[in-house]
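# Structure assessment
Each chain, written out:
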Amino acid sequence: MITRVRLRGWKSHLDTDLRFFPGVNALVGIMGAGKSSVMDGLAFGLFGTTPVLQARKLTLEDLIMAGKDRAAVEVGFTVGGKDFLVTREIRRGKSSSAEFRQDGALVEVSPRGVTREVERALGMDYDIFAKAVYAEQNGLDLFLKIPTGQRRQHIDRMLRLDRFEAVRTEAVALEGRVRVGREEKTRIVADLEKDGVEEKAAALGQEIRDLYAVVVQKEGDRSSAAEARQRASQDLAGVEQRQAELDRTVRMLEGLKGGLLEIELREGRNRKVVRGKDIGRMDMEIERMENVVAQKRESLERLMGEIHAAATREKLTADNLAQISGIDGVCPLCENPVAGERKTDLMRRKAAEVTGLGQEKEQKHRVAGVMAEEITTLEKTLAERRLERDRVAQAFQEIRELEAKLQDILRVKREYETAIAGLQKGAQGRDVRGLREVFQEQLVREREIEAELRGLRVRLADKQASLQELARRENMLATYRASLARDGAVAVALEGFGLAVKLTQEDLRTGFLGNVNLILETIWRDLYPYGDFTSVRLGVAEGDYVLQLRAREWIDADTASGGERSLATLALRIAFSLAFLPTLKWLILDEPTHNLDAAAIATFAEILREQMPRFAEQVFLITHDPALSEGLEHVYRLERDKDAGGATRIAQV
């Protein structure tokens with residue numbers, strides 16, 4: 001049952017909130033008041049589409065109220081004791097959004113997912129809703145408007161029998177393809193059997209096994225040849241290595257001999273240097289000469305001191321003489337008178353003293369010069385002695401080092417001689433040339449076997465490739481044989497399946513037709529108050545459905561009056577609703593009395609009040625005729641100032 005529809009910014013509805021109840025719910029108002037917009041909102045809320053969108057009369061944004069940037073629809077309903085709420089919103093220039101809640105809990109938020117959840121909860125999709133529940137404005141007699149010859153297809157689509165037909169058609173087509181394929185496979189099998197594929201494959205397989213045995217034998221021969229070549233190579237390498245070692249050792253021995261000669265020559269030269277020399281005596285002589293030089297240096301230093309002292313006294317005496325010569329009658333020191341003779345005597349004595357001191361200084365200078373020359377000569381001789389001593393000491397040291405090196409070289413020389421003797425002994429009786437010939441023979445044999453193996457492998461690969469091709473054709477033969485057997489079974493199964501689908505279609509059509517006619521017969525007596533037409537049925541004529549009324553005989557409803565035809569199509573709508581949706585029992589009637597006269601409208605109103613609740617749990621009536629809603633319990637009046645573009649206003653009557 002639909003419990004609530006709320007429309008915000010939806011066409012002419014600014015914010016309309018409607019509560020619905022079991023029985024007949026009527027929406028009454030003049031044309032353009034927004035009645036059908038409520039049912040469009042109901043359809044959009046449930047399935048995300050409406051009849052006007054399906055017919056492409058409007059776009060999605062055309063459903064938004066003028067001046068608004070969005071529209072929202074909320075639909076609440078109950079099924080099986082559970083409460084559901086669907087919310088959808090559309091925005092200008094943006095994608096739409098949706099929510100689906102069950103007992104208050106959020107279940108789905110994507111628009112398509114919400115539609116799937118609604119279909120699962122209601123047990124119907126939009127197509128069933130539009131054809132079995134929602135009789136849109138002036139669409140009560142939709143069935144009669146369907147062209148003759150297309151009504152069965154229309155109902156087949158409602159029953160989903162079109163899917164059965166598609167399956168049956170595909171099964172027939174598939175059966176035809178299978179039979180054509182069997183013919184081609186039969187021809188291929190005959191060609192393969194004629195070519196003797198299986199016999200050729202068996203013979204070639206034996207050839208490959210024989211050839212493989214030869215390859216295995218040659219592999220063994222090649223391994224043996226490789227081992228022999230390896231042994232010959234090792235023998236040759238060993239002899240060549242010993243010979244190379246012998247040659248190298250001989251060359252090194254010759255080098256040692258040259259080293260020995262060089263050591264002997266250097267030792268001879270050093271022995272000439274040290275012949276008759278004693279380092280100890282040379283050190284004593286050097287020490288003695290160093291003492292002599294030191295003594296002479298001390299004497300020279302004393303003499304130089306004496307010369308300095310004499311020079312000082314000479315200068316002092318000369319200074320006194322100069323002072324005396326300058327005295328004029330009185331001594332400046334003792335202030336005694338100095339007579340002329342005394343002054344002269346003093347000057348003479350001081351002059352003699354200056355002369356004596358000068359002579360003494362000159363004599364000492366000459367002695368000092370001689371001593372300095374002696375010291376220079378002694379130091380030169382001392383340096384020569386030291387140099388000679390160092391040269392002799394170095395010669396002695398080198399002689400000792402050469403003797404040690406000589407012993408080392410002699411030791412190595414003996415080792416080389418011993419090694420040469422051993423290598424010469426090991427090489428005796430080994431013919432390098434003969435070993436090389438043996439190695440070459442084994443190498444040639446190994447390469448010959450490898451060449452044979454390559455040829456055998458090429459032949460083996462060719463035969464294996466041929467065998468693979470034969471195996472492929474043999475597998476193809478087995479596959480086609482098995483496929484022929486399967487295709488035969490499939491063809492039989494498809495034929496039976498197609499027949500079963502066809503029979504199922506017929507059974508479903510027959511069952512549906514019987515169910516609808518049973519409902520029509522049950523409700524017609526309550527819907528139609530007159531006695532001229534006693535029954536209504538959905539008949540079959542020329543392979544199509546036809547709605548018929550019975551007086552004395554069955555006539556097409558198309559030929560009846562407007563009121564009788566409307567009641568017949570109303571009965572068919574109720575029957576469709578009960579047949580397709582026995583658990584929901586919903587019915588939406590938009591302006592159902594469009595073609596009825598006053599008497600028929602009165603009858604229809606009475607049926608709505610008295611009879612309709614017996615057939616449908618919930619009915620939505622949309623009408624501009626207030627008389628049609630008289631006596632109904634749940635009535636909404638819709639008003640709107642269309643000229644001013646006003647919003648729809650709701651008043652519950």
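So, here's what we can say about the structure.

How each quantity is defined
- Residues numbered from 1 in each chain as written.
- Predicted model: local features only at pLDDT ≥ 70, side-chain atom pairs only at ≥ 80, totals over all residues.
- Heavy atoms only, no water.
- Core = buried A, V, L, I, M, F, W, Y, C linked by side-chain atoms within 4.5 Å.
- Buried < 20%, exposed > 50% of the residue type's maximum accessible area, 1.4 Å probe, protein only.
- Helix = DSSP H or I, 4+ residues; strand = E, 2+ residues; numbered from the N terminus.
- Phe/Tyr/Trp six-rings, centres within 6.5 Å; stacked < 30°, edge-to-face > 60°.
- Lys NZ or Arg CZ within 6 Å of the ring centre and 35° of its normal.
- Pairing = 2+ DSSP bridges.
- Axes fitted to C-alpha atoms, helices over the stretch in contact; angles between N-to-C directions.
- Contact = heavy atoms within 4.5 Å.

For the rest of this paragraph, the subject is the nonpolar core. Core analysis: the biggest nonpolar cluster contains 98 residues, and Ile 2, Leu 46, Phe 77, Met 124, Phe 129 and Phe 576 have the highest contact counts within it. Residue contributions to this core peak at 11 residues, all from helix α12 (residues 562-580). In this structure, Leu 204, Val 215, Leu 460 and Leu 470 belong to the second largest nonpolar core, which totals 9 residues.

On to the packing of aromatic side chains, then. Inspection of every chain in the model, using the stated rule, returns 9 aromatic pairs. When the ring of Trp 10 is compared with that of Phe 44, the centres are 5.4 Å apart and the planes differ by 40 degrees; the resulting orientation is tilted. In this pair, Trp 10 sits in strand β1 (residues 2-10) while Phe 44 sits in helix α1 (residues 35-47), placing the two residues 34 residues apart along the sequence. By relative accessible area, which is 5% here, Phe 44 ends up buried. Arranged with centres 5.2 Å apart and planes meeting at 45 degrees, the rings of Phe 47 and Phe 129 form a pair that is tilted. Note that Phe 47 is positioned in helix α1 and Phe 129 in helix α4 (residues 126-133), a separation of 82 residues in sequence. For the pair shown, Phe 47 and Phe 129 are each scored as buried. Taken together through their ring pairs, the aromatic side chains of Phe 47, Tyr 126, Phe 129 and Tyr 134 make up a single cluster. Looking at Arg 537, its charged tip hangs above the ring of Trp 554, at a distance of 4.2 Å from the centre.

What follows deals with the sheet that holds strand β9 (residues 535-541). A sheet is described by the order of its strands in space; here 3 strands give the open sequence β9-β10-β11, paired in antiparallel fashion. Two strands in the sheet have a free side with no partner beyond their single neighbour: β9 and β11 (554-556). For this sheet the average axis-to-axis angle between neighbouring strands, irrespective of direction, equals 45 degrees. As paired elements, strand β10 (residues 544-550) and β11 share 3 bridges and run antiparallel to each other. What sits directly across from Leu 549, in β11, is Ile 555. Docked against the sheet, α12 engages β9 and β10, running at close to 125 degrees with respect to β10.

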